[in-house]
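For reference, the chains in residue letters:
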Amino acid sequence: MCIILIIYFVCRLLPVCKDGISLKYLSRSSCYLLHYYGVSCTGNLSNGNDERNREIDVEGLFRACTKSEDVKCLHALLAVSGKAKSSFVATRLINMYSYFGNVSLSQDTFDQVRDKDSYIWNSMISAYVRNRQSNKAVKCVSEMLSRTDVRPDFHNFPTVLKACSALPDGASLHCRILKSGFEWDVFVAASLVHMYCRFGFADRAYTIFKNMPSRDTGCWNSMISGYFQNGNAKEALSILDDMILEGVKMDSMTVATILSVCAQVNDLLRGMLIHLFVIKHGLEFHVFVSNALISMYAKLGELKCVPNIFDHMYVRDIVSWNSVIAAYEQNNHPYVAIKLFHRMHLNKVQPDLLTLVSLSSCVAQMKDPLCVKSVHGFITRKCWITEDIVIGNGVIDMYAKLGITDSARKVFERISRKDVISWNTMITGYAQNGLAADAVEVYHMMKEHEDLKPNQGTWVAILPAYAHLGALRDGMKIHGQVLKENLELDVFVSTCLIDLYGKCGRLSEAISLFYQVSRETSVPWNAIISCHGLHGLGDTSLKYFEEMLNEGVKPDQVTFLSLLNACSHSGLVDQGKWCFQVMQQEYEIIPTLKHYGCMVDMFGRAGLLETAYNFIESMPIRPDASVWGALLGACRIHGNVEMGRKASSHLFELDSQDAGHYVLLSNLYANFGRWEGVNEVRSLARDRGLWKTPGWSSIELNSRVEVFYSGNQSHPQYGEILKELGMLNAKIKSLGYIPDTSFVLQDVEADEKENILANHSERLAIVFGILNTPPKTCIRIYKNLRVCGDCHNVTKLISKLTEREIIVRDSNRFHHFNCSCGDYW
DNA sequence: CTAGGGTTAG
């Protein structure tokens with residue numbers, strides 16, 4: 001196609017002589033180009049065109065370009081006749097380059113033009129915006145505004161406004177533009193509506209919208225998407241109703257927006273009706289409409305229709321591939337997603353950042369360290385530019401999803417102008433990888449930047465970290481902020497708060513919050529079920545599940561995970577089995593490794609080690625380390641050395657890097673005094689360069705979290721704590737306490753064992769609490785490992801002696817001491 | 001010759 005056009009172009013436009021093209025008019029590069037395309041430079045070419053016709057031909061050629069290379073070719077040929085530097089031609093070139101994603105060529109073209117008119121400025125700004133280089137777009141806008149030879153007109157406004165609303169500091173520019181009063185123009189008004197929505201002033205946008213003398217479909221779309229992007233999905237839908245009432249027909253843009261609204265408000269029925277509308281009006285031929293359909297179905301967990309839509313698509317763009325890959329990734333089918341990724345590769349579609357974000361999440365789900373490495377390598381080779389904030393944030397997220405928080409942090413540090421999302425992503429990255437303390441550290445760093453305003457995403461990022469650390473006070477401070485910002489009804493924020501209160505032992509607060517929020521989606525239900533389970537209240541969790549079904553809320557895989565966990569903690573084996581069955585048969589949810597792990601844990605805790613083993617053997621997917629780890633943990637509880645050996649042999653084969661597994665097996669041997677086994681495991685762990693995770697306990701006092709390690713003498717109050725601990729020890733011994741040294745897993749003398757026990761970190765933390773709080777104050781301790789049996793006994797006695805309520809949360813569950821009220825506050 | 005409103009994610 002291109003070759004023919006070039007020949008045509010050469011025939012019509014270049015100066016010709018009777019024997020063919022006169023080479024003296026061609027530059028070296030265009031000779032080369034012609035040669036490259038196999039165009040003979042001799043031959044019979046027609047002549048005789050006037051100026052106007054030539055330009056019409058250029059137009060045709062522009063339209064025929066299908067890739068950046070075509071434009072380059074055209075550009076080179078235009079350069080020959082010296083036309084490329086005219087503002088008119090350059091504008092077209094800038095647009096073409098930017099359509100094909102090659103902004104740097106747009107910029108080169110732009111820079112070479114001396115007399116720039118408002119058209120060319122406009123095109124350059126659009127080129128940046130189109131390719132998401134918001135920083136450069138805004139820079140370009142301010143440069144234009146600083147010049148005297150060009151003034152923005154009402155054609156410029158939509159572009160300029162769009163550029164401004166892409167960046168928070170674009171806000172200062174929009175005032176300048178507003179002064180000129182072109183609000184009546186449909187395009188300008190629609191852009192204003194859009195911009196106001198971007199800055200969070202949906203009401204102001206609505207005022208403009210309402211006062212418009214006439215509205216085209218674009219304006220309606222602008223208002224609908226504006227409300228939607230502000231999180232007001234309900235208003236968006238009511239605008240749609242108004243639009244239909246006024247007899248304005250939905251177009252492809254409306255449909256695409258509404259589909260994502262449906263996904264957000266969980267309205268599958270409306271989504272399907274829109275799908276029918278799409279079919280009836282043939283709108284599925286717009287790529288983005290089909291894309292929107294795919295993501296709508298994916299978000300609502302209806303994967304059945306997805307392959308149908310995808311396979312019947314006429315054209316597929318990068319978004320189509322990304323959407324379909326994300327659809328499977330988000331619904332826990334990482335292997336299907338990877339297969340699609342391969343198919344995409346075969347179709348020669350280049351993956352972009354978002355593809356890799358999904359891919360990272362898939363790889364993280366599959367827990368395959370080799371895949372993690374290859375994706376990491378891929379990302380590194382791509383060297384995604386860090387100048388654009390969205391790309392930088394995506395890379396941080398990607399590394400966090402892969403569990404490589406160090407790399408995430410490096411990218412984070414390299415971004416010079418971090419926005420709120422950069423910070424939120426970094427905090428979430430740490431929190432989701434269990435590094436709550438790092439998450440808190442980053443949050444404190446964020447607070448030092450006064451120009452940054454934490455938003456809903458920040459709260460959703462930091463609250464789980466506080467919940468993990470048991471930092472109730474800090475969490476409550478965030479609750480205060482949330483109330484100030486009227487965000488307490490936001491489902492995500494309030495779910496995090498429910499989780500926080502639940503995890504910090506304040507069940508009544510969690511419940512009252514739960515009944516305040518909208519319970520239309522499974523999200524808050526999952527939180528309330530999970531936190532009751534954590535407290536060993538499995539029956540209550542099941543009651544909430546029943547209530548959830550009565551209210552017509554569809555449970556998802558997280559719901560069942562929380563339920564199975566709850567059953568496991570409360571020893572409700574039959575109910576757990578029932579849940580596992582219902583999940584598959586009624587809700588067609590395919591159990592993930594996590595579900596299997598819960599089941600094994602449940603059987604194991606109940607002492608049904610054989611059942612657990614057989615259950616693993618019957619699994620349709622390959623059990624991973626967490627499944628075998630659950631069995632090993634159960635063997636430790638029930639003292640079954642043989643089964644423990646069996647489990648650990650599978651375990652070390654699958655994942656030889658987790659120190660915790662070695663500790664478990666060595667503990668199991670130690671319990672039976674089989675020190676040779678202990679030594680064997682320990683030297684194995686040492687050979688593989690693994691160390692036992694140090695145990696720590698933390699306590700929150702006066703808004704500070706104090707962390708104690710086993711026998712750590714660096715604490716300023718260490719002497720005082722030791723003295724008090726000695727006194728308490730003597731007292732509880734007189735009450736009949738005999739240290740249970742079977743929990744000491746080193747092969748040392750008996751009195752040394754007692755000494756080790758007495759130095760367990762939670763005891764230091766508890767005594768610290770007793771010393772530093774008024775009498776009768778409840779003491780809450782958080783511990784990263786499990787509470788050992790001896791500590792359990794001692795804590796019970798200390799609680800009695802000091803008349804203190806003591807709550808210890810370990811890596812597994814809550815331990816309540818002296819709960820005379822029998823309630824959980 | 002230009003422009004607004006759309007789909008993936010954070």
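Residues numbered from 1 in each chain as written. Chains lettered and ligands numbered in written order. Predicted model: local features only at pLDDT ≥ 70, side-chain atom pairs only at ≥ 80, totals over all residues. Heavy atoms only, no water.

An unreviewed UniProt entry lists chain A under the name Pentatricopeptide repeat protein, with Salvia miltiorrhiza given as the organism. The record in UniProt for chain A states the following under Sequence similarities (unreviewed entry): "Belongs to the PPR family. PCMP-H subfamily." (UniProt positions renumbered as here; feature names shortened; annotations may be inferred.)

S.K.: Is there a simple way to think about the overall build of chain A in this case?
M.R.: The number of helices and strands found in chain A is 44 helices and 7 strands. Of all 825 residues assigned to chain A, the portion counted as buried reaches 50%. Taking all contacts inside chain A whose residues are at least 6 apart in sequence as the whole, residues at least 24 apart take part in 62%. Total accessible area computed for chain A in this model is approximately 40100 Å², and 53% of it derives from carbon and sulfur atoms. (Helix = DSSP H or I, 4+ residues; strand = E, 2+ residues; numbered from the N terminus. Buried < 20%, exposed > 50% of the residue type's maximum accessible area, 1.4 Å probe, protein only. Contact = heavy atoms within 4.5 Å. Areas by Shrake-Rupley, 256 points an atom, 1.4 Å probe, with all protein chains shown as cover.)

S.K.: Help me understand the nonpolar core in this model?
M.R.: Where a protein is soluble and globular, its nonpolar side chains tend to be buried together. Counting 179 residues, the largest nonpolar core has Val255, Ile379, Val395, Ile462 and Leu631 as the members making the most contacts within it. Look past the residues within four positions of Val395 in its chain and what remains in contact with it is Leu353, Ile379, Trp384 and Val411. If you look at the next biggest cluster of nonpolar residues, it comprises 27 residues, including Leu725, Leu728, Ile781 and Cys788. (Core = buried A, V, L, I, M, F, W, Y, C linked by side-chain atoms within 4.5 Å.)

S.K.: Teacher, can you tell me more about the UniProt feature "repeat: PPR" (unreviewed entry) in chain A here?
M.R.: The positions that UniProt labels "repeat: PPR" (unreviewed entry) are, in the present scheme, residues 117-152, 216-250, 317-351, 419-449 and 521-555. What you have in residues 317-351 is 74% helix and 0% strand, and the ends, taken at the C-alpha atoms, are 11 Å apart.

S.K.: Help me out: how do you make sense of unusual backbone geometry in this one?
M.R.: The general pattern is negative phi for most residues beyond glycine and trans for most peptide bonds. Located in the positive-phi region is Asn486, a residue other than glycine, with phi close to 60°. Locating Asn486 in the fold gives a position in the loop between helix H28 (472-484) and helix H29 (491-503).

S.K.: For this particular structure, what's the right way to read the environment of Ser358?
M.R.: As for its placement among the helices and strands, Ser358 is situated in helix H21 (residues 353-366). When the C-alpha atoms of Ser358 and Ile325 are compared, they prove to be 7.0 Å apart, with 33 residues separating the residues in sequence. If near-sequence neighbours (up to four positions away) are discounted, Ser358 is found in contact with Ile325, Ala326 and Glu329.

S.K.: Would you explain the side chain of Ser222 in this entry?
M.R.: Position of Ser222 relative to the elements: it lies in helix H13 (residues 217-229). Residue Ser222 is classed as buried on the basis of its relative accessible area, which comes to 11%. If sequence neighbours within four positions are ignored, Ser222 has contacts with Ala190, Val193 and His194.

S.K.: Where do I start with the protein's contact with DNA strand B in this structure?
M.R.: Residues in contact with DNA strand B amount to 44 residues; listed here are only the nearest, Tyr119, Asp216, Asp251, Phe288 and Asn291. Take the atoms of DNA strand B that sit within 4 Å of the protein: sugar and phosphate atoms are 38% of them. Separating a base oxygen of DNA strand B from a side-chain N or O atom of Asn291 is a distance of 2.7 Å. The side chain of Lys401 places a nitrogen or oxygen atom 3.1 Å from a phosphate oxygen of DNA strand B. Counting residues per element, the surface near DNA strand B draws most heavily on H13, at 7 residues. (Near = heavy atom within 4 Å. Polar contact = N/O pair within 3.5 Å; in protein donor to acceptor, adjacent residues only side chain to side chain.)

S.K.: Just to check I follow, could you spell out the environment of Glu676 for this structure?
M.R.: Residue placement: Glu676 occurs in helix H40 (residues 675-687). Sequence spacing of Glu676 and Ser666 is 10 residues, and the spatial spacing of their C-alpha atoms is 9.8 Å.

S.K.: Just checking my understanding: could you explain helix H36 (residues 609-617) for this structure?
M.R.: Among all positions of H36, only Leu609, Ala612, Tyr613, Phe615 and Ile616 are buried. End-on, the buried residues of H36 take up no more than an arc of 160°, which puts them together on one face. The inward-facing, buried residues of H36 abut helix H34 (573-585), helix H35 (593-605), helix H37 (625-638) and helix H38 (641-654). (Arc of directions from axis to C-beta.)

S.K.: Teacher, can you tell me more about the confidence of the model for chain A here?
M.R.: In low-pLDDT segments, the atomic positions of the prediction should not be examined closely. For chain A, per-residue confidence averages 82 on the pLDDT scale, and 86% of positions sit at 70 or higher. Scored below 50 in pLDDT, residues 10-56 shows 54 contacts in the model against residues more than four places distant or in partner chains. Taken as a whole, residues 821-825 scores under 50 in pLDDT and shows 16 contacts with residues more than four places along the chain or in a different chain. (pLDDT = per-residue confidence, 0-100.)

S.K.: What am I meant to see in the pairing of strand E3 (residues 696-701) here?
M.R.: For a regular strand, side-chain orientation follows a simple rule: the groups alternate between the two sheet faces. With 5 of 6 residues buried, E3 is to be regarded as a mostly interior element. In the sheet, E3 pairs with strand E5 (residues 779-783) via 3 bridges, with the strands oriented antiparallel. By the bridge assignment for E5, Ser698 is matched with Tyr782. (Pairing = 2+ DSSP bridges.)

S.K.: Would you take a moment to explain the packing of aromatic side chains for this structure?
M.R.: For the structure on display, the rule yields 20 aromatic pairs. Taking the centre distance of 6.5 Å and the plane angle of 90° together, the rings of Tyr443 and Tyr466 count as edge-to-face. With Tyr443 in helix H26 (residues 436-448) and Tyr466 in helix H27 (residues 456-469), the pair connects residues that are 23 residues apart, well separated along the chain. Neither residue differs from the other here; Tyr443 and Tyr466 are each classed as buried. (Phe/Tyr/Trp six-rings, centres within 6.5 Å; stacked < 30°, edge-to-face > 60°.)

S.K.: Help me out: how do you make sense of a nonpolar patch on the surface in this one?
M.R.: On the surface, a cluster of nonpolar side chains totalling about 420 Å² of accessible area is made up of Leu269, Leu273, Leu276 and Ile279. Classification of Ile279 as partly exposed rests on a relative accessible area of 47%. (Patch = residues over 30% accessible without salt bridge, like charges linked within 9 Å, V, L, I, M, F, W, Y side chains within 5 Å. Salt bridge = Lys/Arg side-chain N within 4 Å of Asp/Glu carboxyl O.)

S.K.: Mind showing me how you'd approach helix H24 (residues 405-414) here?
M.R.: One turn of an α-helix holds 3.6 residues; hence residues three or four places apart share an orientation. Buried within H24 we find Thr405, Ser407, Ala408, Arg409, Val411 and Phe412. Those residues of H24 that are buried are in contact with helix H22 (369-382), helix H23 (389-402), helix H25 (420-432) and H26.

S.K.: I would appreciate a short explanation of the packing of H35 against H37 in the present structure.
M.R.: The angle between the axes and the distance between the axes are what describe a pair of packed helices. Relative to each other, H35 and H37 sit at 10°, their axes nearing to 8 Å. One way to sum up the angle between H35 and H37 is to call them roughly parallel. The way H35 lies across H37 gives a crossing that is right-handed. In this structure, H35 contributes Leu593, Tyr596, Gly597, Val600, Asp601, Gly604 and Arg605 to the contact, and H37 contributes Val627, Ala630, Leu631, Ala634, Ile637 and His638. (Axes fitted to C-alpha atoms, helices over the stretch in contact; angles between N-to-C directions. Parallel < 35°, antiparallel > 145°, perpendicular 65-115°, else oblique. Left-handed = near helix turned anticlockwise from the far one by under 90°.)

S.K.: So what exactly am I meant to see when it comes to the pairing of strand E6 (residues 806-809) here?
M.R.: With burial as the criterion, each face of E6 is covered, one bearing Ile806 and Val808 and the other bearing Ile807 and Arg809. The sheet contact formed by E5 and E6 spans 4 bridges and is parallel. Paired with Arg780 across the strands is Ile807, a residue of E6. Note that the unit made of E5, helix H44 (residues 789-802) and E6 has a crossover that is right-handed. Two elements, E6 and strand E7 (residues 814-817), share 4 bridges in a ladder whose sense is antiparallel. Within E7, the position partnered with Val808 by the bridge is His815. If you look at the hairpin formed by E6 and E7, you'll find 4 residues sitting between the two strands. (Right-handed = clockwise from strand over helix to strand, strands pointing away.)

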